[in-house]
Amino acid sequence: MSVEDLYSEIVLEHYKEPHNVGEIEYPEIFAKGFNESCGDDIKIFAKVKNNIIEDIKFLGKGCAISQSSASMMTDLIKGKTLDEVKEFIKNFNKKITGEEEFPENSEEWFELSALKGVIKFPIRVKCASLAWHTLSQGIKDFENKQKK
Ligand code: FES
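Here the residue index of a chain counts from 1 through its sequence in written order. Residue-level local features of this predicted model are given only where pLDDT is at least 70; pairs of side-chain atoms are given and counted only at 80 or more, and the full residue set underlies all totals for whole chains, interfaces and linings. Only heavy atoms go into the side-chain values, all of them from the structure, while hydrogens and water stay out.

Enquirer: Explanation requested: the sheet that holds strand 1 (residues 29-34) in the structure shown.
Expert: Hydrogen bonds between backbone atoms are what pair the strands of a sheet, whose relative direction is either parallel or antiparallel. Strand order in this open sheet of 3 strands is 1-2-3, and the pairing throughout is antiparallel. Taken across any chain shown, the strands that pair with only one partner, and hence form the sheet edges, are strand 1 and strand 3 (52-61). Within this sheet the neighbouring strands show an average axis-to-axis angle of 15°, counted without direction. Strand pairing is assigned whenever DSSP identifies at least 2 bridges connecting the two strands. Helix and strand definitions here come from DSSP, where helices need a minimum of 4 consecutive H or I residues and strands a minimum of 2 consecutive E residues; each element is numbered from the N-terminal end. Note: strand 1 against strand 2 (residues 41-49), 6 bridges, orientation antiparallel. Within the sheet, the bridge partner assigned to Ala31 lies in strand 2 and is Ile44. Throughout, a contact is declared for two residues whenever any of their heavy atoms are within 4.5 Å. The angle between two axes is taken between their N-to-C directions and runs from 0 to 180 degrees, where each axis is a line fitted to C-alpha atoms and a helix contributes only its stretch in contact. Contacting strand 1, strand 2 and strand 3, helix 5 (residues 122-147) crosses the sheet at an angle of about 140° to strand 1.

Encoded structure:
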């Protein structure tokens, strides 16, 4: 099996059985995202306590790349602080656009690096980034509300 095959398998596994699908009642963070190139959308709900993402779920429709990316993202950010999540989103964006390499031998980035095939296809980068941009917007809205 080639490395590419393994990566596609990871993507397909998350697509067939995505993790953290659903809604959260009374979420502190809620955001809707939309991929204007295909019309697919996503909703993200998160519970925040003491600045930590305690729980996160998503609902949406889209291609295997968008759904698996959302599934992996929600797995990985649970338990992180908002600052850590913002940094993680920034790092992901750099990697998925090809500005930085995905780290090798990193447990945290292992599954995400299955998405790196999209780098060559800007339109698919939007699929992989949809959940991440949406969460980023949700965090911004939440932090703005806190300041008021
Ligand atoms: Fe719509 Fe990928 S084709 S999110």
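Next, the rest of the story.
Enquirer: Whenever I open this one, the nonpolar core confuses me. Can you help?
Expert: Nonpolar side chains tend toward joint burial in soluble globular proteins. Here, the term nonpolar core denotes a set of buried Ala, Val, Leu, Ile, Met, Phe, Trp, Tyr and Cys residues that are joined through side-chain atoms within 4.5 Å. For each residue, the accessible area found with a 1.4 Å probe, counting protein chains only, is set against the maximum for its type, and the residue is called buried under 20%, exposed over 50%, and partly exposed in between. The biggest cluster of nonpolar side chains holds 37 residues, and the ones touching the most others in it are Leu112 and Leu135. Elements that contribute at least two residues to this core include exactly helix 1 (3-16), strand 2, strand 3, helix 2 (64-77), helix 3 (82-96) and helix 5. It is helix 5 that contributes the most residues to this core, 9 residues altogether. Residues contacting Leu112, with those up to four places away along its chain left out, are Met72, Leu76, Phe88, Phe92, Phe102 and Trp132.

Enquirer: I'm lost on the environment of Thr97 in this one. Help?
Expert: Tracing the backbone through its elements, the reader meets Thr97 in the loop between helix 3 and helix 4 (107-110). Thr97 sits 32 residues away from Ile65 along the chain, and the two C-alpha atoms are 14 Å apart. Not counting residues within four places of it along the chain, the set of residues in contact with Thr97 comprises Ile119 and Val125. Within polar-contact distance, the side chain of Thr97 engages the backbone oxygen of Asn93 at 2.7 Å. Identification of polar contacts relies on pairs of N or O atoms within 3.5 Å, with a donor-acceptor requirement for protein atoms, meaning one able to donate a hydrogen and the other able to accept it, and with residues adjacent in sequence counted only if both atoms are side-chain atoms.

Enquirer: What am I meant to see in the pattern of salt bridges here?
Expert: A side chain with one charge can pair with a side chain of the opposite charge if their charged atoms come near. One speaks of a salt bridge when a side-chain nitrogen belonging to Lys or Arg is within 4 Å of a carboxyl oxygen belonging to Asp or Glu. Here the structure, examined in full by the defined rule, presents 10 salt bridges. Of the charged contacts in the structure, one is a salt bridge between Lys78 and Asp55, with a shortest N-O distance of 3.9 Å. Highlighted residues: Lys78 in the loop between helix 2 and helix 3 and Asp55 in strand 3, separated in sequence by 23 residues. Residue classification places Lys78 among the partly exposed residues on the basis of a relative accessible area of 33%. The closest approach of N and O atoms between Lys86 and Glu143, which form a salt bridge, is 3.0 Å. Within this pair, whereas Lys86 is found in helix 3, its partner Glu143 is found in helix 5, the two being separated by 57 residues in sequence.

Enquirer: Which parts of the structure should I look at to understand helix 2?
Expert: Note that an α-helix has 3.6 residues per turn; residues three or four places apart therefore point the same way. Here the expected span of a helix is defined as 1.5 Å times the quantity of residues minus one. End to end, helix 2 covers 20 Å across 14 residues, agreeing with the expected 20 Å (1.5 Å per residue, within 8%). A positive backbone phi angle near 95° is found at Gly79, which sits one or two residues after helix 2.

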